[in-house]
Amino acid sequence: MSRRKVNSRSQANRNDLDDVVRFDRRGFLGTGGIGFGSIALASLLSEDSFAATAGPHFAPRAKHVIYLHMIGAPSQLDLFQEKPELVKRHNQPCPPEVTKGRDFAFIGKTSTLAGSPWKFSRQGQCGHTMSELWPHLSQVADELAFIHSMHTDEINHAPAQMFLHSGFGRGGRPSFGSWVSYGLGSENKDLPGYVVMLSGPAGGAGTSMWSPGFLPSIYQGIQFRSKGDPVLFLSNPEGRSMQQRRQVLDALEELNEQQRLATGDEEIATRISQYEMSYRMQMSVPELMSLDGETEETLSMYGAEPGNASFANNCLLARRLVERGVRLIELYDSDWDHHGNIEKRLPEKCRQTDRPIAALIGDLKRRGMLNDTLIIWGSEFGRTPLNQGSNKGQGLSGRDHHKDAFTCWLAGGGVKGGVRYGKTDEFGMDVVQDGVHVHDLNATVLHLLGLDHERLTYRYQGREFRLTDVEGRIVRELLA
């Protein structure tokens, strides 16, 4: 099927809109039967039918995604890739041929080699090699599929974050979640189909990581907060009732619809539906975000505390969102950019995330939800096998950015647990077997969701765009 044919729905929507604009407004309102209340309903039904005409290209293996992005780039060499030769040659000069023709973000090419100070061991029946920094995650090792040969095009945080999530190193393109929402629509009409939660500040790319780019704004990720007002401006102003809010929304719908008919701007229909969504969310979101109904056992398993803002709380909320049919949840956890003091800071970050991630996997599995929920753990790039900063001739100080070889893992959602894919050299500097580019990862994830990455396109400024640009292959060795 050609890309032009796949996107015929966009042209059909524009033709339908032209017909509405040409239709006499009095006649249009007369056929509505029940006035402007039907306009909002018609808008929502139009949104539903648009999502329905999209749908998967083939039977999906996963229906939901929980994307765990560790902002700043964890060191794969201290977490998941044991390199005995690197440890043996710790603090020795790096051979010139290893860094020849290579650029680093902050360090020179004469840095010393840096072995990991942490112990590694085999975990699970599959024998995954994992660092001692993951005591809880190691207990679910058999659920994990590792990719040890990831590589990307960008060497600095903001461009690499945008590249991972949009397939492009600069702003303006739709994010991964927006593409998925555009392709599959939403399952729950009282909640957004695409939710974002942060623990700590956003990365250098900021909201670009969940932006709809040139897609209609209805596909933007909606940020939820685990403390305070769960969604900004969701609550009624002080002294205003739900009935008054309903009256305001009805008036806004009337004004917006008049403008939509006059201008033919499709974004106005989106605005109407978003106002209606926010009204329904006033009832659904507070119940969702309250952890008071969870058992003490569950709270302890995650390390979550009701009313607190933490990565642990966000992991538990992600499970609750999946239960309610939210298709895509992205959790961003900050402060993984360890250029210095790594021997203190990396264990701290692992303590904050290890228990909640393992709990999320185990909780989904015991509830029968892991089979159709895909979990992705990763970052924008990895870290070098070289020492950065002063280590006083002994320990490990820090590691610089490394785009040419890093690790991510997948679990659930049609993935074959216990798999190790790809390999790097004895120092972890270069991929030597089965490289996986960012476009390959995105193509594989879309495939698990029932979407053909070459057919999921959108026409903008005269060309067809897609998440994987003009590349991408499915890593079928990861599929169950």
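Here the structure is a predicted model, which means the values were calculated and not measured. (Residues numbered from 1 in each chain as written. Predicted model: local features only at pLDDT ≥ 70, side-chain atom pairs only at ≥ 80, totals over all residues. Heavy atoms only, no water.)

Caption draft 1: Structural detail: the overall build of the protein. For the protein, the helix and strand inventory stands at 15 helices and 17 strands. Burial statistics for the protein: of 480 residues in total, 54% are counted as buried. The long-range share in the protein, meaning contacts at least 24 apart out of those at least 6 apart in sequence, stands at 78%. Per element, the accessible surface of the protein, about 20,200 Å² overall, is 49% carbon and sulfur. (Helix = DSSP H or I, 4+ residues; strand = E, 2+ residues; numbered from the N terminus. Buried < 20%, exposed > 50% of the residue type's maximum accessible area, 1.4 Å probe, protein only. Contact = heavy atoms within 4.5 Å. Areas by Shrake-Rupley, 256 points an atom, 1.4 Å probe, with all protein chains shown as cover.)

Caption draft 2: Geometry of the packing of aromatic side chains. Following the criterion strictly, the structure yields 14 aromatic pairs and no others. Between Y67 and F176, the ring centres sit 5.8 Å apart and the planes meet at 65°, which makes this aromatic pair edge-to-face. Taken together, the positions of Y67 in strand β1 (residues 64–70) and F176 in helix α9 (residues 176–184) put the pair 109 residues apart, joining distant regions of the chain. A relative accessible area of 3% means that Y67 is categorised as buried. Taken together through their ring pairs, the aromatic side chains of W179, Y182, F214, Y219, Y458, Y460 and F465 make up a single cluster. Note that R173 overlies the ring of F168, its terminal NZ or CZ placed 3.9 Å from the centroid. In this structure, R463 is placed above the aromatic ring of F465, and the distance from its NZ or CZ to the ring centre is 4.0 Å. (Phe/Tyr/Trp six-rings, centres within 6.5 Å; stacked < 30°, edge-to-face > 60°. Lys NZ or Arg CZ within 6 Å of the ring centre and 35° of its normal.)

Caption draft 3: Structural detail: the pattern of salt bridges. Under the counting rule described, the total for this entry stands at 22 salt bridges. Residues joined by salt bridges that share partners form a network here, namely E294, E297, R319, R320, E323, R324, D363, R366 and R367. (Salt bridge = Lys/Arg side-chain N within 4 Å of Asp/Glu carboxyl O.)

Caption draft 4: Structural detail: the environment of D440. By the element assignment, D440 lies in helix α15 (residues 438–448). With relative accessibility at 9%, the residue D440 sits in the buried group. Taking C-alpha positions, D440 is 9.9 Å from H151, a pair spaced 289 residues apart along the chain. Aside from chain neighbours lying at most four places away, what touches D440 is G435, G472, R473 and V475.

Caption draft 5: Quick look at the nonpolar core. Of all hydrophobic cores here, the largest spans 54 residues; its most connected members are L137, I375 and W409. For this core, the element with the most residues is helix α14 (residues 342–366), which contributes nine residues. Other than its neighbours up to four places away in sequence, L137 contacts F80, M130, L144, D354, I357, A358, I361 and W409. Judged by nonpolar contacts, the second largest core, of 51 residues, contains F163, V180, V438 and L479. (Core = buried A, V, L, I, M, F, W, Y, C linked by side-chain atoms within 4.5 Å.)

Caption draft 6: Spotlight on unusual backbone geometry. The backbone of N91 sits at a positive phi, close to 75°, despite the residue not being glycine. Along the polypeptide, N91 turns up in the loop between α6 (84–88) and α7 (96–99). A relative accessible area of 25% places N91 in the partly exposed class. Positioned with a positive phi, D469 is a non-glycine residue whose angle comes to about 55°.

Caption draft 7: Broad picture of the environment of G55. Along the chain, G55 turns up in the loop between α4 (36–54) and β1. Using a relative accessible area of 13% as the deciding quantity, one classes G55 as buried. Sequence separation between G55 and G183 is 128 residues; the distance between their C-alpha atoms is 6.0 Å.

Caption draft 8: View of the side chain of T424. Tracing the chain through its elements places T424 in strand β13 (residues 423–424). Under the relative-accessibility criterion, T424 is labelled buried at 4%. Reaching out from T424, the side chain makes a polar contact with the side chain of Q81 at a distance of 2.8 Å. Once you skip the residues sitting within four places of it in the chain, T424 turns out to touch Q81, K83, H148, A405, D430, V431 and V432. (Polar contact = N/O pair within 3.5 Å; in protein donor to acceptor, adjacent residues only side chain to side chain.)

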